[in-house]
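# Descriptive analysis of the structure
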Amino acid sequence: MTRTAHTSTSSGTQMLSERVYAHLRDAIMRGDYAPGDALKPQDLAKEQGVSLAVVREALVRVVGEGLADRLPNRGFAVPAFSDRRWQEIAEARRTIEPVLLRMSIERGDLDWEARVRAAHHRLARTPAFEPEGGDYFSGAWSEAHRVFHRALLEGCGNPVLLETFDRLWSASELARRWSAHRTPDRDYLGEHRQLEEAALARDADTAAEALAQHLTLTAAGLACHTHHESAKEA
């Protein structure tokens, strides 16, 4: 095989893997798979019309984002509700993000304020749920939500800390959507408005407290569901 042919084959495989990865990620986030459901490479390969190698590469990426588990001798599966990891991630976020927000309020300039205001405006104006799109947050709202939370912290000026936020956000994305699905009456608009107002008022204490409470409510929703499921099983 010539170098050109090899490069072409590798590029084609990468494109297929990217397609399968995007399909898997979207399906998990939409709730097409229930917590604990198996992700069977053979079935996925047949469904997507690709090789097992392509599917496994995509599954490894999904596992890396915390949206699936690789279980010894059992293959791949969507994380279960009982997994302590979600509460540990929530604890990490409650520890780190209020500190970054305080740093942003102290260091952020006028451009930071403008980004926060613009990100909040987009979030507030983006419908959380698409018509007939189910009970889970839409992709557009979820992205606006991520951008707003990151904008709040970007004023800290520390790229290493922001990378930590990015990793924790990806790892907690599925738990956050599960929690949102179970708490439809939660006042997200009010919580985000309070965060924006406190940050732009340079009220670090109020902003940090509001952010910690915002994150706590998401973790509490997941914990309540876990306890409910355990009670039903008992």
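Before reading further, recall that the structure is shown in the block above.
In short, a report on the structure. (Residues numbered from 1 in each chain as written. Predicted model: local features only at pLDDT ≥ 70, side-chain atom pairs only at ≥ 80, totals over all residues. Heavy atoms only, no water.)

Moving on, we get to the overall build of the protein. Secondary structure assignment for the protein yields nine helices and three strands. Scored against the burial criterion, the 234 residues of the protein give a buried share of 42%. A sequence separation of at least 24 residues applies to 70% of the contacts in the protein between residues at least 6 apart. Surface accessibility of the protein: about 12900 Å² in total, with carbon and sulfur atoms responsible for 52%. (Helix = DSSP H or I, 4+ residues; strand = E, 2+ residues; numbered from the N terminus. Buried < 20%, exposed > 50% of the residue type's maximum accessible area, 1.4 Å probe, protein only. Contact = heavy atoms within 4.5 Å. Areas by Shrake-Rupley, 256 points an atom, 1.4 Å probe, with all protein chains shown as cover.)

All right, on to the packing of helix H2 (residues 41–48) against helix H3 (residues 52–64) then. Two numbers describe how H2 lies on H3: the axes approach to 9 Å, and their chain directions differ by 110°. For the element pair H2 / H3, the angle class is roughly perpendicular. In the packing of H2 onto H3, the handedness of the crossing is right-handed. For the pair H2 and H3, contact is made by Pro 41, Gln 42, Leu 44 and Ala 45 and by Leu 52, Val 55, Arg 56 and Leu 59, respectively. (Axes fitted to C-alpha atoms, helices over the stretch in contact; angles between N-to-C directions. Parallel < 35°, antiparallel > 145°, perpendicular 65-115°, else oblique. Left-handed = near helix turned anticlockwise from the far one by under 90°.)

Further remarks concern the pattern of salt bridges. According to the stated counting rule, one finds eleven salt bridges in the structure shown. Its salt-bridge partner being Glu 143, residue Arg 146 comes within 2.7 Å of it at the nearest N-O pair. Of the two residues, Arg 146 and Glu 143 both sit in helix H6 (residues 139–154), three residues apart, roughly one turn of that helix. On the basis of relative accessibility, which here comes to 27%, the residue Arg 146 falls in the partly exposed class. Overall, the relative accessible area of 38% leaves Glu 143 in the partly exposed class. (Salt bridge = Lys/Arg side-chain N within 4 Å of Asp/Glu carboxyl O.)

Before going further, it helps to examine the packing of H6 against helix H8 (residues 188–200). Close contact between H6 and H8 brings their axes to 11 Å; oriented N to C, the two are set at 25°. Classified by the interaxial angle, the pair formed by H6 and H8 is roughly parallel. Read as a crossing pair, H6 and H8 show a hand that is left-handed. Together, Trp 141, His 145, Phe 148, His 149 and Leu 152 of H6 and His 192, Leu 195, Glu 196 and Ala 199 of H8 make up the contact between the two elements.

Here we take up H6. With 16 residues, H6 should reach 22 Å at 1.5 Å per residue; the first-to-last C-alpha distance of 22 Å fits that figure. Those residues of H6 lying buried are Trp 141, Ser 142, Ala 144, His 145, Phe 148, His 149, Arg 150, Ala 151, Leu 152 and Leu 153. (Expected span 1.5 Å × (residues − 1).)

A word on the sheet that holds strand E2 (residues 69–71). Pairing is antiparallel in the open sheet, where three strands are placed in the order E1-E3-E2. Each end of this open sheet is capped by a strand with a single partner; those strands are strand E1 (38–39) and E2. Across three bridges, E2 lies against strand E3 (residues 75–77) in antiparallel orientation. Note that in E3 the partner of Leu 71 across the bridge is Gly 75. (Pairing = 2+ DSSP bridges.)

By convention here, two paired aromatic rings are described through the distance between centres and the angle between planes. With the rule as written, the count across this model stands at two aromatic pairs. Geometrically, the ring pair formed by Trp 141 and Tyr 188 is edge-to-face, given 6.2 Å between the ring centres and 75° between the ring planes. Of this pair, Trp 141 sits in helix H6 while Tyr 188 sits in helix H8, placing them 47 residues apart in sequence. Of the residues examined, Trp 141 reaches a relative accessible area of 5% and is grouped as buried. Positioned over the ring face of Tyr 21 is Arg 61, at 3.8 Å from the centre of the ring. (Phe/Tyr/Trp six-rings, centres within 6.5 Å; stacked < 30°, edge-to-face > 60°. Lys NZ or Arg CZ within 6 Å of the ring centre and 35° of its normal.)

A positive phi angle, close to 60°, is found at Arg 202, a residue other than glycine. Position of Arg 202 among the secondary structure elements: in the loop between H8 and helix H9 (204–233).

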